[in-house]
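What follows is each chain in one-letter form.
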Amino acid sequence: IAGITQAPTSQILAAGRRMTLRCTQDMRHNAMYWYRQDLGLGLRLIHYSNTAGTTGKGEVPDGYSVSRANTDDFPLTLASAVPSQTSVYFCASSVRLAARDEQFFGPGTRLTVL
Amino acid sequence: TQLLEQSPQFLSIQEGENLTVYCNSSSVFSSLQWYRQEPGEGPVLLVTVVTGGEVKKLKRLTFQFGDARKDSSLHITAAQPGDTGLYLCAGGKAGTALIFGKGTTLSVSS
């Protein structure tokens, strides 16, 4: 593993189903993030984690939950998917939750909720 | 909500032309980052500027941070087809996650 990996690459999901998007980084970064990217709306922060064991809400947290049991993994769960959650989801990490730190992004998960 | 406004939203030019992309806010940021994203991939950092008035050059790309640290610009000289992509600016403040602009989609045709 080099950098950040996300799984699955893409998924089609029936509305009402539960879904977990996986994110793993091997850079020992303290901070991790989940974004969704929609045409015309840019990258919007869903949840973030400053360090293992802590999480925080971003701009669009409703309908999503996260956990940070260890440094490397930061899964994003949709408890009951709805069509408005159709989007491309990006996981990212940085050394710290600091203004100047570079964020490294994964390749994304394309999710379609029908 | 602190907003970062990027303009233009779309830009289609011919190879060899120059262009400037703008990133503006009413808020003061301690840093401003520019990322480039290609289709099907995640954004990749191009540059970070942290001092008001700072200018950084990366080959044919010139980045400037406004004196008041509320705005930034990206200038590309003699654009090439390989410059095609989505350009995102992101503002940073201490202790908070980055705020991203909506992006500028650049298309350079040969």
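Residues numbered from 1 in each chain as written. Chains lettered and ligands numbered in written order. Predicted model: local features only at pLDDT ≥ 70, side-chain atom pairs only at ≥ 80, totals over all residues. Heavy atoms only, no water.

A. Up close: the overall build of chain B. Check the secondary structure of chain B and you find zero helices and 11 strands. Moving toward the C terminus, one meets the helices and strands of chain B in the order β-β-β-β-β-β-β-β-β-β-β. A compact globule built from 110 residues should have a C-alpha radius of gyration of about 13 Å, and chain B, at 13 Å, falls within 12% of that. Overall, chain B is about 40 × 30 × 20 Å in size when its C-alpha atoms are taken along their principal axes. Counting over 110 residues, chain B shows a buried share of 45%. Looking at chain B alone, contacts between residues at least 24 apart form 53% of all its contacts between residues at least 6 apart. Within chain B, one finds 9 positive and 9 negative side-chain charges whose respective centroids are separated by 7 Å. (Helix = DSSP H or I, 4+ residues; strand = E, 2+ residues; numbered from the N terminus. Rg over C-alpha atoms; globule rule 2.2 N^0.38 Å. Buried < 20%, exposed > 50% of the residue type's maximum accessible area, 1.4 Å probe, protein only. Contact = heavy atoms within 4.5 Å. Lys, Arg positive; Asp, Glu negative; His and termini not counted. Charge placed at Lys NZ, Arg CZ, Asp CG, Glu CD.)

B. Geometry of the layout of surface pockets. Its boundaries defined by the atoms lining it, the largest pocket holds a volume of some 640 Å³. Residue lining of the largest pocket: 28 residues in total, with A:Gln37, A:Leu39, B:Gln37, B:Leu86 and B:Thr105 positioned closest to the centre. Among the secondary structure elements, those contributing two or more residues to the lining of the largest pocket are strand E4 (31-38), strand E9 (87-94) and strand E11 (109-113) of chain A together with strand E9 (85-92) and strand E11 (104-109) of chain B. Looking at the lining of the largest pocket, the element that brings in the most residues is E11(B), giving three residues. Broken down by class, the residue content of the lining of the largest pocket amounts to nine nonpolar, 14 polar and five charged. (1 Å grid on protein atoms, 1.4 Å probe; cavity = no way out; pocket = protein on both sides within 12 Å on 5 of 7 lines; lining within 4 Å. Points joined across faces, edges and corners; volume = space filled by probe spheres on them. Nonpolar A, V, L, I, M, F, W, Y, C, P; charged D, E, K, R; others polar.)

C. Quick look at the environment of A:Gly108. All names here are of chain A. Structurally, Gly108 can be placed in the loop between strand E10 (104-105) and E11. By relative accessible area, Gly108 is classed as buried at 8%. Taking the C-alpha atoms as reference points, Gly108 and Ala7, separated by 101 residues in sequence, lie 8.2 Å from one another. Ignoring sequence-local partners within four residues, the contact set of Gly108 consists of Gln6, Pro8, Thr9, Tyr89 and Phe90.

D. Structural view of the pairing of strand E6 (residues 55-58) of chain B. Residues and elements named next belong to chain B. Bridge analysis of E6 against strand E7 (residues 61-65) gives four bridges, and the strand direction is antiparallel. The residue of E7 that forms the bridge with Lys56 is Phe63. Counted along the chain from E6 to the antiparallel partner E7, the turn is two residues long, and its residue Lys59 has a positive phi close to 55°. (Pairing = 2+ DSSP bridges.)

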